[in-house]
There are 2 protein chains.
Amino acid sequence: MDAKGTREHIVRAADELFYKQGFEHTSFADVAGAVGISRGNFYYHFKTKDDILAAVIAARIAERRRMLDQWEAEQDTPAGRIRRYINIVIANETDIEDYGCPVGTLTTELAKLGHGCMDSATAIFTLFRSWLGEQFTALGRADDADDLAMHVLAASQGIAVMSQAYHDREFTRREAAQLCAWVDAQAAKEE
Amino acid sequence: MDAKGTREHIVRAADELFYKQGFEHTSFADVAGAVGISRGNFYYHFKTKDDILAAVIAARIAERRRMLDQWEAEQDTPAGRIRRYINIVIANETDIEDYGCPVGTLTTELAKLGHGCMDSATAIFTLFRSWLGEQFTALGRADDADDLAMHVLAASQGIAVMSQAYHDREFTRREAAQLCAWVDAQAAKEE
DNA sequence: GTCTATATACCGATAGAC
DNA sequence: GTCTATCGGTATATAGAC
């Protein structure tokens, strides 16, 4: 296989394992096994484990950006787009119950490790934060758009944490519905 | 020193290190260094690392129970007690910015590790959940007391995650104040 | 570009002297 | 009850054959 293909394969496998097992708990042997290459071959593509993490974070940012573009095309209204974001916790219910939010759990882990990639991980949050802010601005809430965006982010993270702790789908759906209703109430304040 | 004293010293040091560095990232050498004993001496008091974790979780539960009792004595009204809980995110601002919520980050880590102590860690959440439920019941909301308790837990966890990501104290205070106002609004529905 | 073999370090855990 | 010394396993990372 060509270098680019193998590299991408490594990033994809590492992405999933970092999410499901955590960054530190995932060894090169784990990733190599998932990709189907030897441990030694690893270092042709990445010098260190931190380099793989950086590549994974970059890939996540690119993927989320594509996702946001798609949502913007699919949903006609700002409120609909925000609700689409909130519904991640239901669409990815099973994964979130088992492994939490990919963004939240990564920042939490990297913060404790004092890892240099912490800021890059936070940038994934910022991507959503800015996008949500734009939607609230379009909703006529330019003055406190960022505050409202942060509120949605925080509420979603809270749902993800409790979902992981209790595996209670009724809770998840109830909270998501409440948050969506809150969004619509914010839209009503527009006039 | 006597066995009990050393054991307690170990649990206290492990508690702090597990919180600040994470469970897996903390080695016996780290804890031994913090306590001031040799690595070998460890195994006189605990057979395995998992045993230390179990002891740390048990200690956290006992400590939180004492804390809830104290809040119940200090605060006269159910709403005041719930607000006291919410204000943890402000009282422990600095630690939460750096290391997140001790309960939320532990359950998140143990879930990813597939660790057997996951249920014990969730029990710390349940302690707060039940207590908050009692307060909402006293507030005249017996029918959905547990739902409301879960909402407060989720909101607090969300604040903690975003606080760790952005270190934004204005955000933390704003969200805490909003949640407190929400509690008071729930109380108003009592009649 | 991928492999095997290996260097080096640290991990959790054990054995035995004191 | 605490220590030193050490075992076996695994981690990241490297060297060199193919």
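Note that the structure is a prediction, hence the values are computed from the model and not measured. Residue numbers here run from 1 along each chain, matching the order of that chain's written sequence. Chains carry letters from A onward and ligands carry numbers from 1 onward, assigned in written order. With pLDDT at 70 or above as the cut-off, local features in this predicted model cover only qualifying residues; side-chain atom pairs require 80 or more to be listed or tallied, and sums for whole chains, interfaces and linings still use all residues. The basis for every side-chain value is the complete set of non-hydrogen atoms in the structure, without hydrogens or water.

## With respect to the protein's contact with DNA strand D
Okay, step 1: If a single non-hydrogen atom of a residue is within 4 Å of a molecule or strand, that residue counts as near it. Near DNA strand D there are 16 residues, and of these A:Phe28, A:Tyr43, B:Ser38, B:Tyr44 and B:His45 occur at the shortest range.
Okay, step 2: Atoms of DNA strand D within 4 Å of the protein: sugar and phosphate make up 67%, bases the balance.
Okay, step 3: Under this definition, polar contacts are N or O atom pairs within 3.5 Å; protein pairs additionally need one hydrogen-donor-capable and one acceptor-capable atom, and for neighbouring residues in sequence, both atoms have to be side-chain atoms. Within the side chain of A:Tyr43, an N or O atom sits 3.2 Å from a base nitrogen of DNA strand D.
Okay, step 4: Between DNA strand D and the protein, one listed contact pairs a phosphate oxygen with a side-chain N or O atom of B:Thr6 at 3.0 Å.
Okay, step 5: For helices the rule is a DSSP run of H or I covering at least 4 residues; for strands it is a run of E covering at least 2, with both sets numbered from the N terminus onward. Among the elements of the structure, helix H3 (39-45) of chain A together with helix H1 (3-21) and helix H3 (42-45) of chain B are those that each provide at least two residues to the surface near DNA strand D.
Okay, step 6: Each residue gets one label: Ala, Val, Leu, Ile, Met, Phe, Trp, Tyr, Cys and Pro are nonpolar, Asp, Glu, Lys and Arg are charged, and the others, such as Gly, are polar. Its residues assigned to classes, the surface near DNA strand D comprises 6 nonpolar, 9 polar and 1 charged.

## So, the interface of chain A and chain B
Okay, step 1: Only heavy atoms enter the contact rule, under which two residues are in contact if any of them lie within 4.5 Å. Every contact between the two is made by 37 residues of chain A and, on the other side, 37 residues of chain B.
Okay, step 2: The junction of chain A with chain B conceals about 3,200 Å² of combined surface from both sides, 59% of it contributed by carbon and sulfur atoms.
Okay, step 3: Any carboxyl oxygen of Asp or Glu within 4 Å of a side-chain nitrogen of Lys or Arg constitutes a salt bridge here. On inspection of chain A and its partner chain B, the count reaches 2 salt bridges.
Okay, step 4: The closest approach of N and O atoms between A:Asp147 and B:Arg174, which form a salt bridge, is 3.3 Å.
Okay, step 5: Our count for the chain A to chain B interface comes out at 14 residue pairs in polar contact (both at pLDDT 80 or more).
Okay, step 6: Every element with two or more residues in the side of chain A that touches chain B is listed here: helix H1 (3-21), helix H7 (93-99), helix H8 (102-113), helix H9 (118-138), helix H10 (145-166) and helix H11 (169-188) of chain A.
Okay, step 7: Here the side of chain A that touches chain B gets 13 residues from one element, more than from any other, and that element is H10(A).
Okay, step 8: Across the side of chain A that touches chain B, the residue classes tally to 16 nonpolar, 13 polar and 8 charged. Buried area counts how much accessible surface, traced with a 1.4 Å probe, disappears from two parts once they are put together, with both parts' losses summed.

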